[in-house]
Amino acid sequence: MGAPVTAIIVAARDATDVVQAVVMLLVAALGLAVVVTREPVHQAMVFAIFGAALAVLFLVVQAPDVALSAIVVGAVAWPAMSLFTLAKARERDRRSGRERERPK
Amino acid sequence: MSPRVRLGMFVVGGIGLVAILLWGVGGLPRFGSAESRYATYLNTHAVHQRHATNVVSAVVFDYRGFDTLGEEFILFAAVMGVTLLLRSQREEHDDSPRDRAEARRTADTSDAVRVGTLALIGPVWLLGLYVVAHGQLTPGGGFQGGVVLAAAPLLLFLAGRYLLVRNVHPMHALDLAEGTGAGGFTVIALLGAVIGAAVMANFIGKGQVASVFSGGTLPVFNLLVGLEVVAGVTLVLYEFMEQTLFVRGD
Amino acid sequence: MRGTLPYALAVWLFAVGLYGVVTSRNFVHMIMCLSIVQAATYVLILQVGYVRGATAPIFFDVPVGTPAVDPVVQSLVLTDVVVGVVVGALLLSLALQAHKRTGTLDPNDLRTLVG
């Protein structure tokens, strides 16, 4: 844990470098977390945090326009749509499961 | 092909892909060094040529306007695809009263969520309109402001007020708005050719730098694209929300 | 080495997202991983446009001529981010359609097409 930190501090030339390095590490870790989270509902939550971190990364690379759209898209639109999809699928499963056990 | 075999194949192929990518990426100029000549030219001349201080907006709607035209139509087609697929999936619910009672057991929206989301709708709308209108000056524009504005229906849904809006049947207005946005963009783009200049030429008077109505066709494009993005994303969200409604009719 | 390590983030996101798509057992999970692959491309081209010590290409409060990063790559990415979410919505509705036909969101359970 200390090795990357000292590497960053040694290699950095100013504060911008440190901020960029930290945000990039955060994005890398969160990307792995999104993929490793198998349960889709949990993954939607982790994806929202990944979207926010991505927006911060875009801001730190001096792209405020991109960060604006990435915030709303990554933290609001994507997780919302995937949760709606899961809710619809779950409701359909519940409904079809109930029809199967209802005596005909 | 079993999952394990597939995973093995992916690991082999993936390692090769990553190696090639790293080798390719290693040939790029160092991170933070050389700037392209196109970028340098734009940064020095765009403000003077287009009287717009947001060079990214000028690039999106003027210098690389054709790409935006294409993206606009991708958006339009994707929204059409979503509405086509999801409207055909709205099923007629033929439930017995026992089933409906079960469905009614969903939790009510808590007061904190309701108050918070309703209080946020006004500021979100104001921020979105500001971002759309000032796209040629400060970071913003039609795309960014449009998605900010489209977060408002989601807030309405969270506050439990979706049914109120649904009874107003906003779908037709949204369809109209989206078509106006996409069609208006095309019309203004072709208008440049009609008056004798090139297609997508910036033919409106440029105005003063750093005033709201600067940039020629830029504010017009911002508004049209904002309209289309708001309507498109709201339509998509509405279609998804319709899918999850518990129809508690009698 | 320090000059290319940021680009390795894009390669890492690409590989991780691709791994997620290949080993996914749920359509919605797969589509989210696909959006991570997209994010990898955004990160890469924005990093290519970055200039050390430069500011954003907005000259509202700084005089024209101050060093600024590349505006062209930013324009490409920002339209792509918005269009990407709507195309993702299309993919999700396709997944819903598949669920309606087959009753499952598992890609491994899709029946093969009978010709």
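Residues numbered from 1 in each chain as written. Chains lettered and ligands numbered in written order. Predicted model: local features only at pLDDT ≥ 70, side-chain atom pairs only at ≥ 80, totals over all residues. Heavy atoms only, no water.

(A) Structural view of the overall build of chain B. In terms of helices and strands, chain B carries 11 helices and 0 strands. Going from the N terminus to the C terminus, chain B shows its helices and strands as α-α-α-α-α-α-α-α-α-α-α. Looking at chain B residue by residue over its 250 residues, the buried ones come to 44%. Expressed as a percentage of contacts within chain B between residues at least 6 apart in sequence, the contacts between residues at least 24 apart total 74%. (Helix = DSSP H or I, 4+ residues; strand = E, 2+ residues; numbered from the N terminus. Buried < 20%, exposed > 50% of the residue type's maximum accessible area, 1.4 Å probe, protein only. Contact = heavy atoms within 4.5 Å.)

(B) Here's a closer look at the packing of helix H6 (residues 111-133) of chain B against helix H8 (residues 151-158) of chain B. Residue and element names in this part refer to chain B. Here H6 crosses H8 at 165°, and the two axes come no closer than 8 Å. Classified by the angle between their axes, H6 and H8 sit roughly antiparallel to one another. For the crossing formed where H6 meets H8, the hand is left-handed. Between H6 and H8, the contacting residues are Val113, Thr117, Leu118, Leu120, Ile121, Val124 and Trp125 on the first element and Ala152, Leu155, Leu156 and Leu158 on the second. Residue composition of the contact of H6 with H8, grouped by class: 10 nonpolar, 1 polar and no charged. (Axes fitted to C-alpha atoms, helices over the stretch in contact; angles between N-to-C directions. Parallel < 35°, antiparallel > 145°, perpendicular 65-115°, else oblique. Left-handed = near helix turned anticlockwise from the far one by under 90°. Nonpolar A, V, L, I, M, F, W, Y, C, P; charged D, E, K, R; others polar.)

(C) Spotlight on the interface of chain B and chain C. At the junction of the two partners, chain B supplies 53 residues and chain C supplies 48 residues. A combined buried area of about 4,500 Å² lies between chain B and chain C, and 76% of that area is made up of carbon and sulfur atoms. When the buried area of chain B at its contact with chain C is split by residue, Phe10(B), Phe31(B) and Val56(B) rank highest and sum to 15% of it. Summed over the shared surface of chain B and chain C, the number is 0 salt bridges. Here chain B and chain C share 8 residue pairs in polar contact (both at pLDDT 80 or more) between them. Looking at the side of chain B that touches chain C, its residues break down into 34 nonpolar, 13 polar and 6 charged. (Buried area = accessible area lost by both parts, 1.4 Å probe. Salt bridge = Lys/Arg side-chain N within 4 Å of Asp/Glu carboxyl O. Polar contact = N/O pair within 3.5 Å; in protein donor to acceptor, adjacent residues only side chain to side chain.)

(D) Structural context of helix H11 (residues 218-243) of chain B. For H11(B), spanning 26 residues, the distance from its first C-alpha to its last is 37 Å, which sits close to the expected 38 Å at 1.5 Å a residue. Among the 26 residues in H11(B), 23 count as buried, and that is most of the element. (Expected span 1.5 Å × (residues − 1).)

(E) Focus on the packing of H8(B) against H11(B). Residue and element names in this part refer to chain B. At a minimum axis distance of 9 Å, the contact between H8 and H11 shows a crossing angle of 25°. Classified by the interaxial angle, the pair formed by H8 and H11 is roughly parallel. Crossing hand, H8 versus H11: right-handed. Contact residues: Pro153, Leu154 and Phe157 in H8; Thr234, Leu237, Tyr238 and Met241 in H11.

(F) Representation of the pattern of salt bridges within the structure. Residues and elements named next belong to chain B. Enumeration according to the criterion identifies 6 salt bridges over all chains in this entry. The partner of Arg64 in a salt bridge is Asp67, and the shortest N-O contact between them spans 2.8 Å. In this structure Arg64 comes out as partly exposed when scored by relative accessible area, which is 30%. The exposure class assigned to Asp67 is partly exposed, which follows from its relative accessible area of 31%. Of the charged contacts in the structure, one is a salt bridge between Asp175 and Arg87, with a shortest N-O distance of 3.9 Å. Linking Asp175 in helix H10 (residues 171-194) with Arg87 in helix H4 (residues 65-87), this pair joins segments that are 88 residues apart in sequence. Several salt bridges share partner residues, and in doing so they unite Arg87, Asp175 and Glu239 into one network.

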